[in-house]
Number of protein chains: 2
Amino acid sequence: MKIVVDAFGGDYAPSEIIKGAVMALNCEKDISLVICGKHDVIKQELEKLGCDSERIEIIDAQQVVTNDDIPTEALKSKKDSSLIVALNALKKRDDLVGLVSAGSTGAVLAGSIFILGRIKGISRPALAPILPTVTGGEVLLIDCGANVDSKPACLVDFAIMGSAFMKYVYKIENPRVALLSNGVEDKKGNELNKEAFKLLKQTSGINFVGNMEARDCLSGDYDVLVTDGFAGNVALKALEGMAISIFSVLKKQIKGFKAKLGALLMKNVFRGLKKKIDYNQSGGAPFLGVNKIVVKSHGSSKAKSICASILQVMQMQKTAVIDNIKASVAENEVEINN
Amino acid sequence: MKIVVDAFGGDYAPSEIIKGAVMALNCEKDISLVICGKHDVIKQELEKLGCDSERIEIIDAQQVVTNDDIPTEALKSKKDSSLIVALNALKKRDDLVGLVSAGSTGAVLAGSIFILGRIKGISRPALAPILPTVTGGEVLLIDCGANVDSKPACLVDFAIMGSAFMKYVYKIENPRVALLSNGVEDKKGNELNKEAFKLLKQTSGINFVGNMEARDCLSGDYDVLVTDGFAGNVALKALEGMAISIFSVLKKQIKGFKAKLGALLMKNVFRGLKKKIDYNQSGGAPFLGVNKIVVKSHGSSKAKSICASILQVMQMQKTAVIDNIKASVAENEVEINN
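Residue positions are given per chain, counting from 1 as you read along its sequence in written order. Lettering for chains starts from A, numbering for ligands starts from 1, and both go in the order in which the items are written. For this predicted model, a pLDDT threshold of at least 70 governs which residues receive local features, and a threshold of 80 or more governs which side-chain atom pairs are given and counted, while totals over whole chains, interfaces and linings are taken from all residues.

(A) Summary view of the overall build of chain A. Helix and strand definitions follow DSSP, with helices as H or I runs of at least four residues and strands as E runs of at least two, each counted in order from the N terminus. A tally of regular secondary structure across chain A gives 12 helices and 12 strands. Radius of gyration: C-alpha atoms only; globule rule: 2.2 Å multiplied by the number of residues to the exponent 0.38. Taken over the C-alpha trace, chain A has a radius of gyration of 21 Å; the compact-globule value for 338 residues is 20 Å, and the two agree within 12%. Taking the principal axes of its C-alpha atoms as reference, chain A extends roughly 65 × 60 × 35 Å. Neighbour density around each residue's C-beta defines its exposure: 20 or more other C-beta atoms within 10 Å make it buried, 12 or fewer make it exposed, and counts between make it partly exposed, where C-beta atoms are placed from the backbone. Counting only residues that meet the buried cut, chain A has 57% of its 338 residues in that class. Two residues form a contact once the distance between their C-beta atoms, set from the backbone, is within 7 Å. A sequence separation of at least 24 residues applies to 73% of the contacts in chain A between residues at least 6 apart.

Encoded structure:
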């Protein structure tokens, strides 16, 4: 199985990206990689790591898309960038199954839509990070920022895609799909939500369990959280923000011998906690609704997270997630037409 | 200074509410209270607490508004409820300065608008909790749920009210007002936000510093976070949710002698942390934009939190927050008209 890696996207590109790629190769014998970006630099980095694996192919691309680029313009003006070259290769070559990029979110999403194309029946692909729950499971938050203005019908697409994802990739029999709202009651929500609620109730292919509140995102009571991209982004970042704040306050409060000793004894507990709540450690956010697998790694990804994202692509491919999403979407369309 | 307390709103009403009221009386010699609700029950509770203060007046109200009531209907059908009687007293009597209620949010907000009336120039009053920041300060989040569908101009009102609140009540010279968005760049946001951004840029009475992300809600970089009620509610509850999740995971991870000893040594640190991040401990959320002071306490408020809410009303009255908000709103209107 061959996976494409954009070596020049992200705050720690290219060295951490390439390090993560090599890490993934060492983890999994079944995969090989196509690394896109400046050929010489990639070569050098691989040499530094003592890696001359035959399972690595380099495709040269001299430009780099940055966060300062306007995504849609970068598609035209930076055709020789690592991201665009990677996406074009992914589209053209049947042997390539998916892409990992830690580059500009806007550019990765826009590029994926324009180059790979949308799955038939999906008007708006969505970014869907997987968050760890307090009960030790996972929950998919879809959409968390690909679409800042969504129509009610888009939220139904998100629900169908998210449901298929959790069913096939995470083997959850009948994923509980909930709508992120300002209360659990059926009538809660803004206009968009109220309309989406009605549509979700009528969508037979999913297990819609009703509205939920952001307080319960990580409770483990749900498998798929459906939301428009704006509110989803706010939820995701607020969750992150509180985690950052708690660790920051905690650090400041540890003063004096007693507290310091306590913290030392609890070192493993804190390490475990950090690992448990930092969803970036377990990979990136799948971009669902395009014709091939795309995983967007966090911009601040280091090698470990890139490696996890590559393994995520592998898992998604092994469970035929694209075909399964396509089938779920098609099934729903047939029902609507009948 | 006389403050009204709705004794029959909240999960722990009436006993914890009345306990909190007595606590506030003991804290502050300058205040007296009007407690609304079933006269006999209130009398009994006060006796239990050994309180026969002359600074307490009881107004009888036999009905109770619950979370199951539809707010607008409760206004008509439950005229003898503790909440409605309290609001009517607050409206009619000049000696009463504000209300504290831990009852149904919808009923408190709807009742406040219908009975107390809106401040001239404010079409949509807003719920504005004050959150503690990691730098030891406070930030006001406005709106966090009073309006689930807002127009861009409403967000300008929120900014003006929030700014006046932080300036007068928290003595912040030039409050930094930011717009909650999905990125810090000027062009980020959904349609509502983009439009609001333009209007906020043109509003001269406030110190608008641009867009901010939910990740930085508690960073201490802002004094007022402006948002529509839906996104604000999502942000607030996601922040709460992550705090709950972290404590829950932490608890589970403390296993074995070493970790348990560490936790014991860190007891005060955790207590301090909990106190610091639990904004409910420091009172309730002011409901800004109506003609008198209203503080909505959390439904799960216990005595301490009710006491804090009463002291909050006192502080707001001492700093003439209503008059100051009125002046700020009027000033902005004059500018728009010129």
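(B) Summary view of the domain arrangement of chain A. All names here are of chain A. As far as domains go, chain A holds domain 1 (1-122 + 289-319) and domain 2 (126-284). Where each domain starts and ends follows an automatic or database-derived domain assignment. One C-alpha centre belongs to domain 1, the other to domain 2; they are set 26 Å apart. Mapped onto the side of domain 1 that touches domain 2, the elements with two or more residues apiece are helix H5 (105-116), strand E12 (293-296) and helix H11 (303-318). Counting residues per element, the side of domain 1 that touches domain 2 draws most heavily on H11, which supplies seven residues.

(C) Quick look at helix H5 (residues 105-116) of chain B. All names here are of chain B. To estimate how far a helix should reach, multiply one less than its number of residues by 1.5 Å. A rise of 1.5 Å per residue sets the reference length of H5, with its 12 residues, at 16 Å; its end C-alpha atoms lie 16 Å apart and thus fit the reference within 8%. The buried fraction of H5 amounts to nine of the 12 residues, a majority that puts the element mostly inside the structure. Elements in contact with the buried residues of H5: helix H3 (71-77), helix H4 (82-92), strand E4 (96-101), strand E5 (126-127), strand E11 (285-288) and strand E12 (293-296). Looking one or two residues past H5, Gly-117 carries a phi angle of roughly 80°, positive in sign.

(D) Region of interest: H11(A). With 16 residues, H11(A) extends 23 Å between its outermost C-alpha atoms, agreeing within 8% with the 22 Å of an ideal straight helix rising 1.5 Å per residue. Positioned one or two residues after H11(A), A:Ala320 has a phi angle of 50°, which is positive.

(E) Highlighting the interface of chain B and chain A. Taken together, the contact pairs 47 residues of chain B with 46 residues of chain A. Mapped onto the side of chain B that touches chain A, the elements with two or more residues apiece are helix H8 (229-253), helix H9 (256-265) and helix H10 (267-277) of chain B. Looking at the side of chain B that touches chain A element by element, the count peaks at 19 residues for H8(B). Only Asp, Glu, Lys and Arg are considered charged, only Ala, Val, Leu, Ile, Met, Phe, Trp, Tyr, Cys and Pro nonpolar, and every remaining residue, Gly among them, polar. In terms of residue class, the side of chain B that touches chain A is built from 27 nonpolar, 11 polar and nine charged.

(F) Looking closely at the relation of the copies chain B and chain A. The atoms used to superpose the copies are C-alpha atoms, taken from residues with pLDDT of at least 70 in both, and the fit is least squares. Relative to chain A, chain B is turned by 180° and slid 0.0 Å along the rotation axis, the superposed coordinates differing by an RMSD of 0.0 Å. Taken together, these values place the two copies in the relation of a two-fold axis. Judged by C-alpha distance, B:Gly262 is the residue of chain B that lies nearest the rotation axis, at 1.9 Å. A share of 98% of interface residues in chain B that are also interface residues in chain A marks the association as one of identical surfaces.

(G) Representation of the environment of A:Glu28 in the model. Looking at the element boundaries, A:Glu28 is found in the loop between helix H1 (15-27) and strand E2 (32-37). Here the alpha-carbon distance between A:Glu28 and A:Ile310, two residues 282 residues apart in the chain, equals 9.9 Å.

(H) Spatial organisation of the sheet that holds E11(B). Residues and elements named next belong to chain B. Any two strands with at least two DSSP bridges between them are considered paired. The seven strands lie next to each other as E3-E2-E1-E4-E12-E11-E5, forming an open sheet whose pairing is mixed. The sheet is open, and its two edges are formed by strand E3 (56-60) and E5, each paired on a single side. The axes are straight lines fitted to the C-alpha atoms, using for helices just the contacting stretch, and the angles between their N-to-C directions are given from 0 to 180°. Docked against the sheet, H5 engages E4, E5, E11 and E12, running at close to 170° with respect to E12.

(I) Main features of the nonpolar core. What makes a nonpolar core is a set of buried Ala, Val, Leu, Ile, Met, Phe, Trp, Tyr and Cys residues, with links drawn between C-beta atoms within 7 Å. Counting 237 residues, the largest nonpolar core has A:Ala235 and B:Ala235 as the members making the most contacts within it. Apart from residues no more than four positions distant in its own chain, B:Ala235 is found in contact with A:Val234, A:Ala238, B:Leu141, B:Leu180, B:Ala214, B:Cys217 and B:Thr227.

(J) Region of interest: the sheet that holds strand E8 (residues 176-181) of chain A. Residues and elements named next belong to chain A. Strands sit in the order E6-E7-E10-E8-E9 across an open sheet of five strands; the sheet is mixed. Two strands bound the open sheet, and with one partner strand each, they are strand E6 (130-132) and strand E9 (207-213). If you compare each strand with its neighbour and ignore which way they point, the axes differ by 30° on average. Sheet topology note: the E8/strand E10 (residues 224-226) ladder contains three bridges and is parallel. Pairing of Val-177 across the sheet is with Val-224, part of E10.

(K) Representation of the environment of B:Glu213 within the structure. Secondary-structure assignment places B:Glu213 in strand E9 (residues 207-213). Separated by 12 residues in the primary sequence, B:Glu213 and B:Leu225 place their C-alpha atoms 9.9 Å from one another. Beyond its immediate sequence surroundings of up to four residues, B:Glu213 is in contact with A:Lys237, B:Ser181, B:Gly183 and B:Val184.

(L) Region of the structure containing the packing of helix H6 (residues 152-168) of chain A against helix H7 (residues 191-202) of chain A. Residue and element names in this part refer to chain A. At a minimum axis separation of 8 Å, H6 and H7 run at an interaxial angle of 50°. Compared by their axis directions, H6 and H7 come out oblique. Of the two elements, H6 crosses H7, and the hand of that crossing is right-handed. Contact with H6, carried on its side by Pro-152, Ala-153, Leu-155, Val-156 and Ala-159, involves Leu-192, Glu-195, Ala-196, Leu-199 and Leu-200 of H7 and no other residues of that element. Looking at the contact of H6 with H7, its residues break down into nine nonpolar, no polar and one charged. Reported orientations rely on four angle classes, namely roughly parallel under 35 degrees, roughly antiparallel over 145, roughly perpendicular from 65 to 115, and oblique for the rest. Crossing chirality is assigned from the near helix's rotation relative to the far helix, an anticlockwise turn below a right angle marking it left-handed and a clockwise turn marking it right-handed.

(M) Quick look at the pairing of strand E1 (residues 2-6) of chain A. All names here are of chain A. Among the five residues in E1, four count as buried, and that is most of the element. Pairing geometry for E1 and strand E4 (residues 96-101), over four bridges, is parallel. Bridge pairing in E4 links Lys-2 to Leu-96. As judged from the five bridges shared by E1 and E2, these two strands associate in the parallel manner.

(N) Spatial organisation of the pairing of strand E8 (residues 176-181) of chain B. Residue and element names in this part refer to chain B. Of all six residues in E8, six are buried, a share of seventy percent or more. Because side chains alternate across E8, one face comprises the buried residues Arg-176, Ala-178 and Leu-180, and the other comprises Val-177, Leu-179 and Ser-181, equally buried. When E8 meets E9, the two strands line up parallel, connected through six bridges. Each residue of the ladder has a partner; that of Ala-178, found in E9, is Gly-210.

(O) A look at the confidence of the model for chain A. Looking at any residue, its pLDDT shows the predictor's confidence there, from 0 to 100. When pLDDT is averaged along chain A, the result is 94, and 99% of the positions lie at 70 or above. The ipTM, which scores confidence in the relative placement of chains, is 0.92 for this predicted complex, and the corresponding pTM is 0.93.

(P) Spotlight on unusual backbone geometry. Omega for the peptide link from A:Ala13 to A:Pro14 comes to -5°, which places this bond in the cis form. The residue A:Pro14 is located in the loop between E1 and H1 in this model. Phi at A:Ala320 is positive, roughly 50°, even though this residue is not glycine. Locating A:Ala320 in the fold gives a position in the loop between H11 and helix H12 (321-337). Within the chain, B:Lys171 stands out as a residue other than glycine whose phi angle is a positive 55°. Within the fold, B:Lys171 resides in the loop between helix H6 (152-168) and E8. Look at B:Lys171 and you get exposed, because 8 C-beta atoms sit within 10 Å.

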